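What follows is the residue order along each chain.
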Amino acid sequence: MLLRIESVTAYDYDAPPRRGTQYLRLTPRSMLDQTIVDWTIRAPGALTAWTDMFGNRCHTLTLKHLPQRLEISVAGLVETKDTAGILATDPETALPVHAYLRKSDYALPDDALMDLANGHRRRIIGDRLSGLHDLMSTVHRDVAYDESATTVLTTAAEALSLHRGVCQDHAHIMIAAARILEVPARYVSGYLWTGWNGKTSSASHAWCECWVERLGWVSFDPANCVSASEPYVRVATGFDYATAGPLRGIRVGGGAETLTVEVRLFREEQAAQQQ
């Protein structure tokens, strides 16, 4: 599948900030399940490229005088293929697999998450892959999709207590439960083509990946109760949203801030340049 992605993130401030820095994780890389045909980031200043400890392609944008409206946009073409959600190993990721057992702020366990995990312990011990699919189904069933229930700061424990949330929350809940059961798990940010060319979305997508011996990293999207396939584009991975989210920044001045995100995906009909 050949997907064209267009996304604009805009920050509107009460007044122009005096200075600020944005950290961007907006550049996907070619892997087993996707090939980056073309990718461009546009921002009002020079971008410094670097690679983080997870192997993500990152950029730093530092501005001494920010505009009152800061826009950061991406546009690109990605050819994807269905690998049944299996990524095998990732040689560009510096961290060992078991680093993804560590606790992280968005996925800290509490009693309810312990109960969720323990309800799947026997099945996951007996058959990790099948058990993880069962866990994904439970999260999908028990946590209704509700854009108004949580925020970007909501933790897995908070979302589970509400039984509501968005894809970020579903991913954090499954990550927390998997780690309780000693299954390495990581957060994935990216894009999902939903079948409508040019349909505008107010957010990117998020899911998780868990380590399964003899297979490698396997994707699970509890928000949709499927493993990632051709409609998915992976951009960044990390312990949770804090280390894999698309944008994070700091600034001095500017007053109140309003954030808007517009994402559009198109499926191209032609083959990917006959590569």
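As shown above, the structure is provided for reference.
Quick look at the structure, then. Think of each chain on its own: its residues are numbered from 1, step by step along the sequence as written. Two thresholds apply to this predicted model, a pLDDT of at least 70 for residue-level local features and 80 or more for giving and counting side-chain atom pairs, whereas whole-chain, interface and lining totals are computed over all residues. Neither water nor hydrogens contribute to the side-chain values; these are computed over all heavy atoms in the structure.

## Concerning the state of the cysteines
What counts as a disulfide here is a pair of cysteine sulfur atoms lying within 2.5 Å. Within this structure, the stated rule accounts for zero disulfides. Counting only cysteine sulfurs, Cys 208 is the nearest neighbor of Cys 167, a cysteine outside any disulfide, at a range of 11 Å. No disulfide involves Cys 208; its sulfur sits 4.6 Å from that of Cys 210, the nearest cysteine.

## Some remarks on the environment of Pro 246
Relative to the helices and strands, Pro 246 is located in the loop between α6 (241-244) and β15 (247-252). Sequence separation of Pro 246 and Val 235 is eleven residues, and the distance between their C-alpha atoms is 8.3 Å. Any two residues whose heavy atoms approach within 4.5 Å at even a single point are treated as in contact. Apart from residues lying up to four places away in sequence, Pro 246 is in contact with Tyr 23, Leu 24, Arg 25, Leu 26, Ser 204 and Tyr 241. Labels follow the DSSP assignment, with helices taken as runs of H or I lasting at least four residues and strands as runs of E lasting at least two, numbered in each case from the N terminus.

## Observations regarding the sheet that holds strand β11 (residues 200-201)
Strands were regarded as paired on the criterion that DSSP finds at least two bridges between them. One open sheet accounts for five strands, arranged β3-β6-β1-β16-β11; its pairing is antiparallel. Since the sheet does not close on itself, it has two edges, and those belong to β3 (34-42) and β11, each with one partner.

## Some remarks on unusual backbone geometry
Backbone geometry at Ala 84 places phi at a positive 60°, although glycine is not the residue there. With a phi angle near 75°, Arg 214 is a residue other than glycine that sits in the positive phi range. By secondary structure assignment, the location of Arg 214 is in the loop between β12 (205-212) and β13 (216-220).

## Comments concerning the side chain of Asp 169
Position of Asp 169 among the secondary structure elements: in helix α5 (residues 167-180). Arg 164 provides the closest opposite charge to the buried, salt-bridge-free Asp 169, at an N-O distance of 11 Å. Beyond its immediate chain neighbours, meaning those up to four positions away, Asp 169 contacts Thr 150, Thr 154 and Ala 159. Relative accessibility decides the category of a residue: with a 1.4 Å probe and only protein chains considered, values under 20% of the type maximum give buried, values over 50% give exposed, and everything between is partly exposed. Positive: Lys, Arg. Negative: Asp, Glu. His and the chain ends are not part of the count. Only one rule defines a salt bridge in this text: a Lys or Arg side-chain nitrogen within 4 Å of an Asp or Glu carboxyl oxygen.

## Considering the sheet that holds β12
A sheet is described by the order of its strands in space; here five strands give the open sequence β7-β13-β12-β10-β14, paired in antiparallel fashion. Both outer strands of the open sheet, β7 (86-88) and β14 (232-238), are each paired with one neighbouring strand and no more. Here the strands of the sheet are splayed against their neighbours by 35° on average, with no regard to which way each runs. Sheet topology note: the β12/β13 ladder contains five bridges and is antiparallel. Its bridge partner being in β13, Val 212 is matched across the sheet by Gly 216. A fitted line through C-alpha atoms represents every axis, and for helices the fit uses only the stretch in contact; the resulting angles, taken between N-to-C directions, go from 0 to 180 degrees.

## A closer look at the nonpolar core
It is characteristic of soluble globular proteins that their nonpolar side chains tend to be buried jointly. Among buried residues, the Ala, Val, Leu, Ile, Met, Phe, Trp, Tyr and Cys ones that are joined through side-chain atoms within 4.5 Å form a nonpolar core. Core analysis: the largest hydrophobic core is formed by 61 residues, its most contacted members being Leu 113, Leu 132, Ile 173 and Tyr 191. It is α5 that provides the largest number of residues to this core, a total of nine residues.

## Let's talk about the pairing of strand β6 (residues 69-80)
By the bridge criterion, eleven bridges tie strand β1 (residues 2-13) to β6 in an arrangement that is antiparallel. In the strand pairing of β6, Arg 4 is matched with Leu 77. In this structure, β3 lies alongside β6, joined through eight bridges in antiparallel fashion. Directly across from Arg 42, in β6, lies its bridge partner Ser 73.

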